[in-house]
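Given next are the chains, with one letter for each unit.
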Amino acid sequence: MRLINVFVFFTLGLGLFAQNDNNANGPTGQITSAEMRIKGLVGTTYVISTVNALKKIPQVADVRNLNVEHGSMVVALKKDNELSFQELQDKLFSAIKSGGCLCDAIGKVSIESMIKKDSYGFFVSIAHEKIYLGLLAKKAPRRLSKKIEKWFKNGSWVIATGLLHKHDNNTLGMSDTIIEEL
């Protein structure tokens, strides 16, 4: 497996944005994990009730890397889940609230998908949501472009991990991204 650190995505104006599409050109990928910071994990009761509430979500496989001091944890999702980012966020926030805590943002997210391409550029997709690997900078790193083109031509599956956030125009962005071929 080769690893490409795509931190330059953000600094060079290369970005990821999402567009909803009911035909995401072939197999749809999935979110495999989400890291969160949670407010209110101050006692055993809150920790147990929050973890149990998260484990009741049908698509959740495990809750791990719990750090009470920093109020963080990673939620691993079951293989072949079909959650969009919005659906995942709604389910996680609701479960955390029912456990007596609060979460206002999801941190790092990992997505497994094939690299795909349409007239706008390369993308990965989850639940028919396109997350574009937009080469917006004029001087994009050639090595990265060539690697993504190769993965696309080979029909390769990749895992993209980074900080996912929603913009005002309902697009998603990902920064500090690492893309790895599976």
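The rules behind each value
- The numbers attached to residues start from 1 for each chain and follow its sequence in the written order.
- Per-residue local features are limited, in this predicted model, to residues with pLDDT of at least 70; the limit for side-chain atom pairs, both in listing and counting, is 80 or more; totals at the level of whole chains, interfaces and linings are taken over all residues.
- Computation of side-chain values covers all heavy atoms of the structure but excludes hydrogens and water.
- Strands are runs of DSSP state E lasting at least 2 residues, helices are runs of H or I lasting at least 4, and numbering of each runs from the N terminus.
- Throughout, exposure labels follow a simple rule: accessible area from a 1.4 Å probe, protein chains only, divided by the maximum for the residue type, with under 20% read as buried, over 50% as exposed, and the rest as partly exposed.
- In this description, contact between two residues means that some pair of their heavy atoms is separated by no more than 4.5 Å.
- In this description, accessible areas are obtained by the Shrake-Rupley approach with a 1.4 Å probe, and a residue is regarded as covered only by the protein chains that are shown.
- The working definition used for a salt bridge is a side-chain nitrogen of Lys or Arg within 4 Å of a carboxyl oxygen of Asp or Glu.
- Expected helix span is given by 1.5 Å per residue-to-residue step, counting one fewer step than there are residues.
- Think of the arc as the fan of directions from the helix axis to the C-beta atoms.
- Cavity: a set of points on a 1 Å grid over the protein atoms alone where a 1.4 Å probe fits but cannot get out. Pocket: an open set with protein on both sides within 12 Å along at least five of seven lines, its lining residues, like those of a cavity, having an atom within 4 Å of a point.
- Grid points are joined across faces, edges and corners, and a volume is the space filled by probe spheres set on the points.
- Classification used: nonpolar for Ala, Val, Leu, Ile, Met, Phe, Trp, Tyr, Cys and Pro, charged for Asp, Glu, Lys and Arg, polar for all others including Gly.
- Interaxial angles span 0 to 180 degrees and are taken between N-to-C directions of axes, which are lines fitted to C-alpha atoms, for helices over the stretch in contact.
- Crossing handedness: left-handed means the near helix sits turned counterclockwise from the far one by under a right angle, and right-handed means the same turn made clockwise.
- Here the rule is simple: two strands pair whenever DSSP picks up at least two bridges between them.

Novice: Tell me what's going on with the overall build of the chain, and back it up with residues and numbers.
Specialist: Check the secondary structure of the chain and you find four helices and eleven strands. The 182 residues of the chain split such that 47% are buried. Within the chain, contacts between residues at least 6 apart in sequence are counted, and of these 68% link residues at least 24 apart. In the form shown here, the chain has an accessible surface area of approximately 9,800 Å², with 51% of it arising from carbon and sulfur atoms.

Novice: How would you sum up the pattern of salt bridges? Please name residues and give values.
Specialist: Under the defined criterion, the tally for this structure stands at four salt bridges. Across the pair Lys117 and Glu149 runs a salt bridge whose closest N-O atoms are separated by 3.6 Å. With Lys117 in strand E7 (residues 116-118) and Glu149 in helix H4 (residues 142-154), the pair connects residues that are 32 residues apart, well separated along the chain. Look at the salt bridges and you will find they share partners, linking Lys117, Glu149 and Lys153 into a network.

Novice: Would you mind going over helix H3 (residues 85-98) in detail, with residue names and values included?
Specialist: With 14 residues, H3 should cover 20 Å at 1.5 Å per step; its first-to-last C-alpha distance of 20 Å lies within 8% of that length. Listed in full, the buried residues belonging to H3 are Phe85, Leu88, Gln89, Leu92, Ala95 and Ile96. Down the axis of H3, the buried side of the element spans an arc of 140 degrees, and every buried residue falls inside it. Away from its buried face, by an angle of more than 90 degrees, H3 presents the exposed residues Lys97 and Ser98. Positive phi appears at Gly100, one or two residues downstream of H3, with a value of about 95 degrees.

Novice: Can you tell me about the side chain of Glu112, naming the residues and giving the values?
Specialist: Of note, Glu112 is situated in strand E6 (residues 106-114). The contacts of Glu112, once residues within four sequence positions are left out, are Gly29, Gln30, Thr32, Lys79, Trp157, Val158, Ile159 and Leu182.

Novice: Quick one: what's the story with the environment of Lys130, residue by residue and with numbers?
Specialist: Note that Lys130 resides in strand E9 (residues 129-134). The spatial distance from the C-alpha of Lys130 to the C-alpha of Gly29 is 9.9 Å, given a sequence separation of 101 residues.

Novice: Describe the layout of surface pockets, listing the residues and the values that go with them.
Specialist: Here the largest pocket is characterised by a volume of approximately 180 Å³. Lining the largest pocket are Thr28, Gly29, Gln30, Lys79, Asp80, Asn81, Glu82, Glu112, Ala127, His128 and Trp157. Along the lines of polarity and charge, the residues of the lining of the largest pocket split into two nonpolar, five polar and four charged.

Novice: I'd like a rundown of the packing of helix H2 (residues 44-55) against H3, residues and numbers included.
Specialist: Remark: H2 packs on H3, axes separated minimally by 8 Å, with the N-to-C direction vectors making an angle of 145 degrees. In this structure, H2 crosses over H3, and the sense of that crossing is right-handed. Across from Thr50, Ala53 and Leu54 in H2, the residues of H3 making contact are Leu92, Ala95, Ile96 and Ser98. Grouping the constituent residues of the contact of H2 with H3 by class yields five nonpolar, two polar and no charged.

Novice: I'd love a proper account of the pairing of strand E4 (residues 60-67), names of residues and values included.
Specialist: When E4 meets strand E5 (residues 72-77), the two strands line up antiparallel, connected through five bridges. Along E5, the bridge assignment pairs Asp62 with Ala76. Adjacent in sequence and paired antiparallel, E4 and E5 are bridged by four residues, among which Gly71 carries a positive phi angle near 65 degrees.

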